[in-house]
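# Topology and contacts: notes
These are the residues of each chain, in order.
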Amino acid sequence: MSSRRGNDDIPSVTLALSGHKAEITPDSYVEGAYQLVVDGTPQSHVNMDDPSELFFEYIQRMGHVIDLIGDPGEPITAVHLGAGALTLPRYVEATRPGSRQQVVEIESDLVDLVRSALPWSKRAQIRVRHGDAREVLGKLPPGLHGTVDLVVIDIFSGARTPAHVTSREFYALAAPLLSPRGVMVVNVADGPGSAFAKSQAATLRSVLPNVIAMAEAQVLKGRRFGNFVFVAAPNPIDTDWLPRLLAGGPHPAKVIDGAELDAFANAGTVVTDATATASPLPERTIFQLKR
């Protein structure tokens with residue numbers, strides 16, 4: 001789907017569950033690229049001509065992690081919690097053909113919109129499961145446990161992550177999927193002070209012993225709103241990953257692990273179902289589009 005559409009022909013739908021408006025708009029600068037906007041917030045960017053091109057900074061950081069799993073180009077098994085426009089499943093298929101992927105999305109009409117306006121390759125082994133991520137985790141085939149190389153958690157309702165997918169109990173449902181080399185990659189959005197991100201670091205570390213964090217340096221220091229990418233694993237994360245993740249950018253970039261990650265996590269508290277809250281709402285000027 002490389003042809004552009006006029007503003008009067010933008011594919012859109014009002015999502016039945018959340019009531020948010022979802023629309024797919026053409027990228028003004030990149031031919032063949034499109035953006036999924038939900039409730040005024042850009043949530044996904046897809047280059048239909050080259051799905052291996054990643055646009056958003058945090059998605060690029062996630063892509064770098066995916067690149068370091070196993071051998072380059074090797075097919076992997078992946079579970080994506082939160083679909084968006086399937087940016088990362090498309091990326092995995094483009095860079096690791098033959099990968100087996102499952103995508104979980106609660107907004108079925110969002111999937112229908114994306115499938116119609118931005119169809120993915122028929123060759124891709126991508127299965128979409130409809131439902132709440134937490135509920136679907138409990139229903140995945142037992143044979144998946146211990147076999148998944150990549151679990152991506154990128155769940156948003158509008159501009160916020162719902163509370164029930166931020167707790168220790170939630171992460172404990174996802175962790176058993178991971179293979180010995182598997183990694184859980186989590187997108188966390190937070191603002192000045194980073195209180196929410198610090199508690200997410202503490203929570204992830206209470207479930208999986210090995211955690212690193214990536215972000216733009218000023219975001220990691222809690223000086224402005226932005227996205228943190230956490231990588232958590234049952235086994236030690238290869239130390240060769242750290243300089244390679246830094247070199248991959250986008251720049252300026254910072255990766256923290258070891259004592260620095262411990263200090264970051266220790267400044268937060270472990271989130272349980274009883275204490276969980278949704279992620280902070282960003283100011284409209286940060287992520288949301290002007291109308």
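Residues numbered from 1 in each chain as written. Predicted model: local features only at pLDDT ≥ 70, side-chain atom pairs only at ≥ 80, totals over all residues. Heavy atoms only, no water.

### Considerations on the packing of aromatic side chains
Stated formally: For Phe, Tyr and Trp, rings pair up if their centres lie within 6.5 Å, where Trp contributes its six-membered ring, and each pair is then called stacked (planes under 30 degrees apart), edge-to-face (over 60) or tilted (otherwise). For each residue, the accessible area found with a 1.4 Å probe, counting protein chains only, is set against the maximum for its type, and the residue is called buried under 20%, exposed over 50%, and partly exposed in between. Helical segments are the DSSP runs of H or I of at least four residues, strand segments are the runs of E of at least two, and each set is numbered from the N terminus.
Summed over the entire model, instances satisfying the criterion amount to six aromatic pairs. Taken together, a centroid distance of 6.2 Å and an interplanar angle of 5° make the contact between phenylalanine 228 and phenylalanine 230 stacked. Accessibility classification places phenylalanine 228 together with phenylalanine 230 in one group, the buried group. Both rings, one in phenylalanine 230 and one in phenylalanine 264, keep their centres 6.5 Å apart while their planes meet at 45°; by these two values the pair is tilted. Of this pair, phenylalanine 230 sits in strand E11 (residues 226–233) while phenylalanine 264 is found in helix H9 (residues 258–266), placing the two residues 34 residues apart along the sequence. For phenylalanine 230, a relative accessible area of 0% puts it in the buried group. A connected cluster of aromatic rings, assembled from ring pairs, spans Phe55, Phe56 and Tyr58.

### Overview of the sheet that holds strand E12 (residues 254–256)
Our working rule: Two strands pair if DSSP finds at least two bridges between them. Only the stretch in contact is used when fitting a helix axis, every axis being a line fitted to C-alpha atoms; angles between N-to-C directions are given from 0 to 180 degrees. Here a residue-residue contact requires only that any non-hydrogen atoms of the pair lie within 4.5 Å.
Pairing is mixed across the open sheet formed by eight strands, whose spatial order is E7-E6-E5-E8-E9-E11-E10-E12. Strand pairing shows two members of the sheet lacking a second neighbour, strand E7 (125–130) and E12, which therefore form its edges. Ignoring strand direction, the axes of neighbouring strands in this sheet form an average angle of 15°. With four bridges joining them, strand E5 (residues 77–81) and strand E8 (residues 148–153) adopt parallel strand pairing. Bridge pairing in E8 links leucine 81 to isoleucine 153. Taken strand by strand, helix H2 (residues 87–95) contacts E5, strand E6 (100–105), E7 and E8, and its axis lies near 175° from that of E6.

### Quick word on the side chain of serine 279
Using the following cut-off: In the analysis that follows, any N or O atom pair within 3.5 Å is treated as a polar contact, provided that within protein one partner can donate a hydrogen and the other can accept it, and provided that, for residues neighboring in sequence, both atoms belong to side chains.
Structurally, the position occupied by serine 279 is in the loop between H9 and helix H10 (284–287). Judged by relative accessible area, which is 0%, serine 279 ranks as buried. In terms of polar contacts, serine 279 uses its side chain to reach the backbone amide nitrogen of threonine 161, at 2.7 Å. For serine 279, the residues in contact, after removing those within four places along its chain, are Ala159, Arg160, Thr161, Ala189 and Phe196.

### Some remarks on the pattern of salt bridges
Here is the rule we go by: Salt bridge criterion: a side-chain nitrogen from Lys or Arg within 4 Å of a carboxyl oxygen from Asp or Glu.
If you walk through the whole model with that rule in mind, you get eight salt bridges. The closest approach of N and O atoms between lysine 21 and glutamate 23, which form a salt bridge, is 3.8 Å. Where arginine 205 meets aspartate 262, a salt bridge forms, and the shortest distance between an N and an O atom there is 2.9 Å. One end of the pair, arginine 205, is in helix H6 (residues 195–207); the other, aspartate 262, is in helix H9, and 57 residues separate them in sequence. The exposure class of arginine 205 is partly exposed, given its relative accessible area of 27%.

### Remarks on unusual backbone geometry
In this structure, the amide linkage connecting glycine 249 to the following residue, proline 250, adopts the cis form with an omega of -5°. With respect to the helices and strands, proline 250 occurs in the loop between helix H8 (241–248) and E12. Of note, the bond from histidine 251 into proline 252 is cis; its omega dihedral lies within 30 degrees of zero at 0°. Within the element layout of this structure, proline 252 appears in the loop between H8 and E12. For aspartate 39, which is not a glycine, the phi torsion comes out positive at approximately 55°. For aspartate 39, the position within the fold is in the loop between strand E3 (33–38) and strand E4 (41–47). At serine 194, a position not held by glycine, the phi torsion is positive, near 60°. Take serine 194: its relative accessible area is 0%, and that puts it in the buried class.

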